[in-house]
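Coordinate inspection notes
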Amino acid sequence: MTNNKKITLACLLIVVFFNSCKIEKSKTVEELNEIYTLEELEDLYRIKQDSLVVVVEEDMNLQEESALIEVDTILEAMKVIYGPDDRLDFYQEQNPERIKNADGVVAVVWKWDLVQDESGMYKLNTQNFGESQNLCSTEKFTNQPIGAFCSGFAVDQNTIVTAGHCFNSDSDLEDIRFIFGYKVNSSNDINIIFSPDAIFSAKRLISKKLDSGRGKDYAIIETNELIPLSQVLTLTSGSKIPDSEEVYVIGHPVGLPLKIAGGAFVRDNSNTDYFVANLDTYGGNSGSPVFNSTTHKVEGILVRGEVDFKSQGQCNVSHPCPNTGCRGEDVTRVSQFKEFLFADPLQ
C-alpha cells in the first residue's frame, strides 16, 4: 500500500470515529437527489453496506460521503423499489401490447369476498390499502382498495396458471374465484363490480408443484367456464430467456387493482427452475405472468421476492432496493410447467 493510500484510509477512519477530517457535512435527501444519479446512489448504498469494498480513486468522494450518511437516508434518496418505482395503473399504460396482455391476467380471490346484488352483479369486498398496511402518506396507491390474495393468467380457454403456494389443497381450490377486469379504468374509476361472465371457478387441478426453498412453484387449473380466446396469453417457446433481457410483470400487488411494472431485467439466469429479475412486485403478485419486453410473450410466473415493506417512524414504506441489490424476484420458467398444458382436449 502506498503512503498516499495509507494517509487516505487513515483520514477516513478519523472521519468515521472522530469526525475531524475536513469533509462536507452530511447532505439531506433532497441534496443527494440533486447531486447524484441513481447509479451513484447505488454506489453509496454499496459502500455503506460493505466497509471493506474496494473504491477506485474517482469514487473517493462517495466513500467520504458514505461515512456521514445513514443507510436509510441513502435508500430514501433513491426512492425505489428496484430502481425507480415503475408500477402503473391500467389506464396509464400506453404500450398496446402490454394493454392487450393485461386482459389475460386474473385476480385470485375467495368466493365469499364476492357478494351478488339483486341485479346479478358481484361486488368485491375490499379494504383500504393504506389503512390495512399502516402506510406512510408518501406511498403510491394508498387510497386504492385491496381485495385479491394472488394473481394468475389464462393460457387456454379453460386453463389458468398461478403460483403453487397460493392455495394449500383441493378444498381451498373450490373456494377460489378468478376475476378478469379488476383494474383502474381512469383516475376516478376503479372497477370492483363484476358481471358473472368475468368470474371463473376451478373444475380441477391439472398439475401443481411447490418445491421447498427456491425451486419450482406453479399450479395449473382447469376452469368450469370458457375463457374468451382474446384473453388467452401467449407463452414463450420454452427456450431459456437471454441474459439481461428486459422484462415486465402484470398482476395484483398486495391485492390492489391490476398494475403493470416494467423497467426490469434478468439479473440471474443460472438456475434451471427459475430466473431472477429486479421486478417491482409484492405479495399478491404471486402467480403474475412475467413477460419478455421484446416478444411480449410470457416467460414465467412471479413466485418469490424481497420483503415488501419496512418501518419508517410510525408508518410503513415500500422496501427500497438498488437495481442490482437485495435478493431479486424469482420467476418460475415456462419450461418447468409447459409440458402439463394442453394435455386434454377442450371440453
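Above this note sits the structure.
What you are looking at is a predicted structure, and each value in this text was computed from that prediction instead of being measured. (Residues numbered from 1 in each chain as written. Predicted model: local features only at pLDDT ≥ 70, side-chain atom pairs only at ≥ 80, totals over all residues. Heavy atoms only, no water.)

So, the environment of phenylalanine 194
With respect to the helices, strands and loops of the structure, phenylalanine 194 is situated in strand E14 (residues 193–194). Residue classification places phenylalanine 194 among the buried residues on the basis of a relative accessible area of 2%. It is 9.3 Å that separates the C-alpha atoms of phenylalanine 194 and glycine 120, two residues lying 74 residues apart in sequence. Ignoring any residue separated from it by four or fewer positions in sequence, one finds phenylalanine 194 in contact with Leu114, Met121, Tyr122, Leu124, Ile179, Phe180, Gly181, Tyr182 and Ile199. (Helix = DSSP H or I, 4+ residues; strand = E, 2+ residues; numbered from the N terminus. Buried < 20%, exposed > 50% of the residue type's maximum accessible area, 1.4 Å probe, protein only. Contact = heavy atoms within 4.5 Å.)

A word on the side chain of aspartate 330
The topology assignment puts aspartate 330 in strand E24 (residues 329–333). By relative accessible area, aspartate 330 is classed as buried at 0%. At a separation of 2.7 Å, a polar atom in the side chain of aspartate 330 contacts the side chain of arginine 214. In contact with aspartate 330, not counting residues within four places along its chain, are Arg214, Tyr274, Phe275, Val276, Ile301, Leu302, Val303 and Arg304. (Polar contact = N/O pair within 3.5 Å; in protein donor to acceptor, adjacent residues only side chain to side chain.)

Notes on the sheet that holds E14
Sheet architecture is open: 3 strands sit in the order E5-E6-E14, paired in antiparallel fashion. In the strand order of this sheet, the two ends are held by strand E5 (114–116) and E14, each with one partner. The sheet contact formed by E5 and strand E6 (residues 122–124) spans 3 bridges and is antiparallel. Looking at E6, one finds that leucine 114 is bridged to leucine 124. (Pairing = 2+ DSSP bridges.)

Quick notes on the environment of serine 230
Position of serine 230 among the secondary structure elements: in the loop between strand E16 (217–223) and strand E17 (246–251). Separated by 130 residues in the primary sequence, serine 230 and lysine 100 have C-alpha atoms spaced 8.7 Å apart.

Quick notes on the pairing of strand E21 (residues 298–304)
Of all 7 residues making up E21, 7 are buried, and the element is well covered by its neighbours. Bridge count for strand E20 (residues 289–292) against E21 is 3 bridges, and the pairing is antiparallel. Looking across to E21, one finds that phenylalanine 291 is bridged to valine 298. Turn length for the E20-E21 hairpin, with the two strands adjacent in sequence and antiparallel, is 5 residues, and the turn residue histidine 296 shows positive phi of about 65°. Direction of pairing for E21 relative to E24: antiparallel, over a ladder of 4 bridges. The partner of arginine 304 across the bridge, within E24, is aspartate 330.

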